[in-house]
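Letter by letter, the chains look like this.
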Amino acid sequence: MDEYLTDGYSEPCAQCAAVDWGVSVEEQFFCKKCHNVIERTIDMVGECSLYSNHSKISYIARPKNTAMEFPQDWMVCEGFQFVLKQQADALVSLGVCLQFKTDVMWNFWKRYLQNTRQAFVNNPVSAAGFSADLNSESKSKPESVAFCEESFLIGAPSEAEKPASGCSNKRRSGSLDASLYVKGRKSRNVMTMPRTLALCYLALLWVREAITLADLLRLVKERCVPYLNIHEYIPKDMRIYGQDSKIFRVDSIPSYSTVHKEAVELAKVIKLPAFPTVSQDCLLHPIPLTVRYLLESNLPDGLLVWVHKVIDEASMGDDSFLTFDPVKQKPALVCYDIQAAAVIIVTMKLLFKLDDRVEWTSSWKAASEKKKKVFNVERWYKVMQPAFERARQKMEREEARQLWKSHEPFITSLKDKSLVFKKRRVVNHLQHRFQKLTDSTPEQQCFTTTAFSSFQFHWGRDDGSYGRSLHQHRLNCTFKKKGVKRLTNRKFWHTVLSVCPPTCSDHFSEIEASLPRMYVWLLDLFSFLLGVSQAQVHKEVLNIERRFLKRKRPPVPKSTQRPSVTKKTPRPSATKKTPRPSATKKTPRPSATKSTPHQSATERTLRPRKITKA
Amino acid sequence: MDDIEAELKIDSPGNETTNQEIIKNPLHIEAPSKYYETGFHRSSRKCLKVIRDAMLHHNWQKAAEYFTSYIQTLEDTTVTSAHLTRDVIWRLGAEILHHLANASIDDFNAVYEIMKHAGVSNYAKICLEHAFHLLLNGQSDEAKRQLSSASHWRYGKLTDAQSLEMKLIHAYCGFLDYFIWSNKISTTPETEDVSSLQEISMYFRQASVTLQEIITRPGIWDPFVLSYITMLEHNNSLDEALKVLQNYAYNKDFPSNPNAHVYLYQFLKRHNAPQSALISSLRILHSAVPSHKLMLEFCSLLLKKHQDTALKEALCACMDLLEFSSWKCDRDAWKCLLKILQRPKNEHNMVKEEWAVRRSLWMAFHFRPYIIKTESQKDVRLWRIKERVLKLLGEDLHIEDTRKSPSGQRDRHHNASEDNVDGDSRRGPARNSNSSFKRDESKAAREGNAAGLRDRLTDFTHRKRPINTLNSTGQLVPVGFIPDV
């Protein structure tokens, strides 16, 4: 009767070298000749086939790992330290400077622990005191702990006294203060998984790396930076158990706005000083960043000139505007990437109006001239749209097939342990079966094998490109009249610019239907590239338009014949502009394709400005 | 045609809404608007949607690929309806495997086994389905083994919750015993071997005990009853079999089941029961299913009795039968009716009464000019019988004229064009097949007097196309016209 159980096992017995196995009542293998009982585990494949043979045994060998039997005591912040270390390592291996890890991250983390009085202070709080007022003076003085692997591993909490209330006899293993940590989760000081990303982002910002927040989140999504199933990275002797899973388990990647908000909050908690200035040589400055997005979206290089103009006019190149300073009264952390995308959209609106009519008629005109290398919106749309659609479908596919669960499940309680492991086994078996039938590998493995690229689209003639490149195309959006260069597009539209109270939610969903489709499509494109919502990009567009239209202008010189016209040069080496008091003037839009009463009332037109020859 | 389409268009949105009301989506495929959704849930929702679409397009390979990723939802820790998730995964997996070209029986067995033990709340159902699958693949021994092991499954309250499925497992266990027994009986006839005889009797005993128990409970147990009866007949315990069948047919606790009466009748017939018993069993069947094919036998049985009442009953049964469209062109049924009508007794009154009730329907249903024409061309033998029936019923049609009309085709064309000229767009021609008559009538009504109708009638008769006829009371009735009821 045991034959079918022992069938696959043909190892000779260690004592008598006979191959004659039986299964005992305790479901252990024993040699029928010498009655030697052996430790026998059934490997994966064997177990799979056992299912089909309807056998009921499932044999679990006890691990002999002493580290597992005597797990070390550890605290939640130690766990987070590991998480941060892994994330920093990953970023360094992706090419971020080593300083980022050794100096910045470590110092930020140390400051965090100090400021929340978890470590590096003379009187560390127990976890219960997380919600305590931060303003109580901490007598801590920053210790100049030289960063090394050891200090990172052993870390701060060894210095902190263990909270007495935290460890009770009920605790099987896992961190000491998890339950208290979970209780204090509402307070703004405790570390959370999204906050690890926020901390990474702040550190990246500090070293002025070219990784924007959108990039960071994409790295996380493509598993280049560890975030999902983080417990796999934590050493075995720090066993995550029970309440810990509430802290370390992740079942979604935080959104852009969440991490952004957390970063501002965290900077306040850490009490960071003003960040290094974001000047033109830093890649987070809108000028280099817009170059990147122009490349990505296959727009001609000529557009850059106009983008610069808009940045200048909106006075966005300003260091004080761009640099993050948490010490300020209302610290504002600029969303550099969304802002750069919004600048491009505003520029497109300025040049081509994007009201579903002007951009197409100008395209037809340009096409009728039969000059090949002239940029027109229609051609661009025809190249861009299929590529965009393809990329979007690819992303949908990847999202649908993304694997979230790890091979080592979280164990929340002893009661659930067997159930959790059983579920894991079932999932493993089923996946194994179906993978054999489909010869498919899960998406997770595809992610890790492909190299990360900061560009999602590739343009040009090479293999794997999404279409032909339009970068070299000439822009033809000005015309000369009486020796003065003017923009062909004479009108500019925008939605309501008045600032809503902070309690107000965004109105994008309400007005979306009334907006020109081309504009919405553009929002769609850039929101896809950045992985944010359309409303966020739209909000940033409004911000720029506000700055752009409310810019200060010196009084009009009397000699100017037409006061309503200002100058604008097409080149960056611009002459001094002749401003005028009312650059904007309310006129009804002549070609309102979808204008609602609400919109047309607020519609303004911006006269293109006269250009004097230098 | 236009009208039908228009009607369908009007109806279709209504149907959709009712369907949507009926089919409630327990697993959401569309994005939730009210509550926050984690990335994991979004992934699984999108994955399920892709799988559904792939399955609807019969793209099984793709469905299997995505299903591989979808399996992870089993590990969902937040979902409250883990039971539902398991159910969905089991069903999806079985369906996809069923259609995958490279799936082997081993894969099936493995998946069924895994899902059986994944969540025991569905254990019995999955066991049953597994057994069915094995039976479909001809592995009845394996299926038997599955079922018998499943019938001993105990898991506290969960077994009680699945009592219905457990009952079914029990029943199918017995059924398979019977199956094996009957196979053995047919393959090894008259064996002298004691052990094989013992084995056969063991299967017999097991099957009979199980089946006997199962069919006493209210329900529809057709295959089980049949097999039990076969076994009893084999054992020559006919009284017992009759009792079982009578209980199955007449017990008020059981749901009404026409097959029960059929089985009873067949049993009685097999064992040469008296005519009255046969007739009474069929009479009940007639009241339940007047279109049953045994009704012809019922008629012939009644005819043997030589009684007026029996004859009348036969006439009714036969005419009832012919009123079903599936029997409309059945020659045997018409022959039977002819035989009844040809009875030389003085049942003339009876036939007249019956005919008066049914006449309008029958003229439209069986004797419309179009039907007459097609039948007289395609199935002449049937038409002969029908013609004789009609004669016996006392009707008179100018059939010969119709059949021999050389210009039938042209007439129809003419008629059709006239319809178009008439142009009553509210009533499409396809909406009601006899609408042309209605239209004639309405036109006549518009003309204001019956004289118009009569004129047109003469016109029609002039064209040798007898559309109208006189009924028994001498009134003008257009053929094929169904009076409003």
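With an unreviewed UniProt entry as reference, chain B is termed TATA box-binding protein-associated factor RNA polymerase I subunit A, source organism Triplophysa rosa.

As annotated in an unreviewed UniProt entry, chain A is TATA box-binding protein-associated factor RNA polymerase I subunit B from Triplophysa rosa. The record in UniProt for chain A states the following under Subcellular location (unreviewed entry): "Nucleus, Nucleolus". Turning to chain A, the UniProt record has this under Sequence similarities (unreviewed entry): "Belongs to the RRN7/TAF1B family."

This next bit is on the packing of aromatic side chains. By the definition in use, this model includes 33 aromatic pairs over all chains. For the pair Phe388(A) and Trp521(A), a centre-to-centre distance of 6.1 Å together with 80 degrees between the ring planes defines the contact as edge-to-face. Separated by 133 residues along the polypeptide, Phe388(A) in helix H17 (residues 377–401) and Trp521(A) in helix H21 (residues 517–530) bring together distant segments of the chain. Given the relative accessible area of 0%, Phe388(A) is considered buried. Residue classification places Trp521(A) among the buried positions, given a relative accessible area of 10%. Grouped by ring-pair contacts, the aromatic residues Phe352(A), Trp360(A), Phe375(A), Trp380(A), Tyr381(A), Phe388(A), Trp521(A) and Phe528(A) constitute a single cluster. Directly above the ring of Trp493(A) sits Lys349(A), whose terminal nitrogen or CZ lies 4.2 Å from the centroid. Above the plane of the ring of Phe40(B) lies Lys405(A), whose end atom (NZ or CZ) is 4.5 Å from the centre.

Evaluation of the coordinates by the stated rule reveals 35 salt bridges over all chains. One salt bridge connects Glu396(A) with Lys46(B), and the closest N-O pair in it is separated by 3.3 Å. Of this pair, Glu396(A) sits in helix H17 while Lys46(B) sits in helix H2 (residues 39–56), placing the two residues on different chains. We classify Glu396(A) as partly exposed; its relative accessible area is 34%. Connected through salt bridges with shared partners, the residues Glu396(A), Glu399(A), Arg42(B) and Lys46(B) form a single ionic network.

This part covers helix H4 (residues 82–99) of chain B. In a regular helix each residue adds 1.5 Å, so 18 residues correspond to 26 Å; H4(B) covers 26 Å between its end C-alpha atoms and thus fits that length. Three or more residues of H4(B) are buried, namely Thr85(B), Arg86(B), Asp87(B), Val88(B), Ile89(B), Trp90(B), Leu92(B), Gly93(B), Ala94(B), Ile96(B) and Leu97(B). In this structure, the buried residues of H4(B) make contact with helix H18 (414–438) of chain A together with H2, helix H3 (60–70), helix H5 (105–118) and helix H6 (123–136) of chain B.

Residue and element names in this part refer to chain A. Where helix H5 (residues 98–115) meets helix H8 (residues 193–206), the axes come as close as 10 Å, and the angle between the chain directions of the two elements is 130 degrees. Regarding the angle of H5 to H8, the classification is oblique. Crossing of H5 against H8: the hand is right-handed. Touching Phe 100, Val 104, Met 105, Phe 108 and Trp 109 of H5 are Leu 199, Cys 200, Leu 202, Ala 203, Leu 204 and Trp 206, all from H8. Counted by class, the contact of H5 with H8 contains 11 nonpolar, no polar and no charged residues.

Before going further, it helps to spend a moment on the interface of chain A and chain B. In this assembly, 30 residues from chain A lie in contact with 41 residues from chain B. Regarding the contact of chain A and chain B, the summed buried area is about 3,500 Å², with carbon and sulfur atoms giving 61% of it. Linking chain A with chain B are five salt bridges. In this structure, the salt-bridge partner of Lys46(B) is Glu399(A), at a minimum N-O distance of 2.8 Å. Our count for the chain A to chain B interface comes out at 16 residue pairs in polar contact (both at pLDDT 80 or more). Going through the elements one at a time, H17 and H18 of chain A are the ones with two or more residues in the side of chain A that touches chain B. Per element, the largest residue contribution to the side of chain A that touches chain B is 13 residues, and it comes from H18(A). Class assignment of the residues belonging to the side of chain A that touches chain B gives a composition of 10 nonpolar, eight polar and 12 charged.

Quick look at the pairing of strand S5 (residues 484–487) of chain A now. With four bridges connecting them, strand S4 (residues 478–481) of chain A and S5(A) associate as antiparallel partners. Its bridge partner lying in S5(A), Lys481(A) is registered against Val484(A).

Residue and element names in this part refer to chain B. In this model, chain B carries an average pLDDT of 74, and 73% of its residues clear a pLDDT of 70 or more. Looking over chain B, one finds the lowest element-wise mean pLDDT in strand S2 (residues 476–478), namely 37, and the highest in H3, namely 92. Note on residues 399–485: pLDDT under 50 across the span, and 85 contacts to partners over four residues away in sequence or across chains. Quick note on the complex model: pTM equals 0.68, ipTM equals 0.73.

Moving on, we come to the confidence of the model for chain A. Residue and element names in this part refer to chain A. Across chain A, pLDDT averages 74, with 69% of residues at or above 70. With pLDDT under 50 throughout, residues 62–68 is counted as low confidence; its partners more than four residues away or in other chains account for four contacts. Within the model, the stretch residues 556–614 combines pLDDT values under 50 with 129 contacts to residues more than four positions away or in other chains.

Counting 144 residues, the largest nonpolar core has Leu91(A), Trp109(A), Phe248(A), Tyr336(A) and Trp380(A) as its most contacted members. For this core, the element with the most residues is helix H15 (residues 336–352) of chain A, which contributes 13 residues. The residues touching Leu91(A), leaving out its near neighbours within four places in the chain, are Val96(A), Phe100(A), Cys200(A), Leu204(A), Ile211(A), Leu216(A), Leu219(A) and Val225(A). In terms of nonpolar packing, the next biggest core, distinct from the first, is built from 74 residues, Ala317(B), Cys318(B), Cys336(B) and Met363(B) among them.

Reading the values: rules and limits
- Residues numbered from 1 in each chain as written.
- Chains lettered and ligands numbered in written order.
- Predicted model: local features only at pLDDT ≥ 70, side-chain atom pairs only at ≥ 80, totals over all residues.
- Heavy atoms only, no water.
- UniProt positions renumbered as here; feature names shortened; annotations may be inferred.
- Phe/Tyr/Trp six-rings, centres within 6.5 Å; stacked < 30°, edge-to-face > 60°.
- Helix = DSSP H or I, 4+ residues; strand = E, 2+ residues; numbered from the N terminus.
- Buried < 20%, exposed > 50% of the residue type's maximum accessible area, 1.4 Å probe, protein only.
- Lys NZ or Arg CZ within 6 Å of the ring centre and 35° of its normal.
- Salt bridge = Lys/Arg side-chain N within 4 Å of Asp/Glu carboxyl O.
- Expected span 1.5 Å × (residues − 1).
- Contact = heavy atoms within 4.5 Å.
- Axes fitted to C-alpha atoms, helices over the stretch in contact; angles between N-to-C directions.
- Parallel < 35°, antiparallel > 145°, perpendicular 65-115°, else oblique.
- Left-handed = near helix turned anticlockwise from the far one by under 90°.
- Nonpolar A, V, L, I, M, F, W, Y, C, P; charged D, E, K, R; others polar.
- Buried area = accessible area lost by both parts, 1.4 Å probe.
- Polar contact = N/O pair within 3.5 Å; in protein donor to acceptor, adjacent residues only side chain to side chain.
- Pairing = 2+ DSSP bridges.
- pLDDT = per-residue confidence, 0-100.
- Core = buried A, V, L, I, M, F, W, Y, C linked by side-chain atoms within 4.5 Å.

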